[in-house]
Amino acid sequence: MEECVSNLMVCNLAYSGKLEEFKEGILADKSLATRTDQDSRMALHWACSAGHTGTVEFLLQLGVPVNDKEDILKALLGKGAQVNAVHQNGCTPLHYAASKNSTLSLNHL
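Calculation notes
- Residues numbered from 1 in each chain as written.
- Predicted model: local features only at pLDDT ≥ 70, side-chain atom pairs only at ≥ 80, totals over all residues.
- Heavy atoms only, no water.
- Helix = DSSP H or I, 4+ residues; strand = E, 2+ residues; numbered from the N terminus.
- Contact = heavy atoms within 4.5 Å.
- Areas by Shrake-Rupley, 256 points an atom, 1.4 Å probe, with all protein chains shown as cover.
- Axes fitted to C-alpha atoms, helices over the stretch in contact; angles between N-to-C directions.
- Parallel < 35°, antiparallel > 145°, perpendicular 65-115°, else oblique.
- Left-handed = near helix turned anticlockwise from the far one by under 90°.

**With respect to the overall build of the protein chain**
Looking only at helices and strands, the protein chain has 7 helices and 0 strands in total. Listing each helix as α and each strand as β along the protein chain from the N terminus yields α-α-α-α-α-α-α. Restricting the contact set of the protein chain to residue pairs at least 6 apart, pairs at least 24 apart contribute 50%. For the protein chain, the accessible area works out to roughly 6,800 Å², and carbon and sulfur atoms hold 52% of it.

The structure is reproduced here in structure tokens:
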């Protein structure tokens with residue numbers, strides 16, 4: 001794989017945007033959808049960070065947990081994390097939350 005960001009192949013596929021290959025692997029072993037890598041990140045984290053909406057939507061349809069990081073979000077915001085920081089594609093965290101109809105994230109920002 002040309003770009004490895006994780007010690008888990010499924011996370012690398014999520015980050016690289018290879019949706020069909022990613023789906024194939026997850027459907028063969030659904031436990032891979034929630035496995036964490038060396039940095040405690042799941043494929044969902046990597047897909048979000050790379051902006052791969054199709055991969056994110058697929059994982060959300062499988063029911064991958066998204067609320068377990070709420071306390072981390074609150075702690076970061078409490079320490080002055082910039083909620084309006086812009087990603088390389090020009091989106092803020094609020095854009096991502098709104099694009100996923102994430103009322104949990106929107107209510108806490």
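Resuming the write-up.
**A look at the environment of Ala 14**
Turning to its location among the elements, Ala 14 is positioned in helix 1 (residues 9-16). Here the alpha-carbon distance between Ala 14 and Gly 51, two residues 37 residues apart in the chain, equals 9.8 Å. Sequence-distant contacts of Ala 14, defined by excluding residues within four places in its chain, comprise Phe 22, Ala 43, Trp 46, Ala 47, His 52 and Thr 55.

**Quick notes on the packing of helix 2 (residues 19-28) against helix 4 (residues 53-61)**
Interhelical geometry of helix 2 versus helix 4 gives an angle of 20° and a closest axis separation of 10 Å. In this view, helix 2 runs roughly parallel relative to helix 4, as classed from their interaxial angle. The crossing of helix 2 and helix 4 is right-handed. Here Leu 19, Phe 22, Lys 23, Ile 26 and Leu 27 of helix 2 lie close against helix 4, whose contacting residues are Gly 54, Thr 55, Phe 58 and Leu 59.

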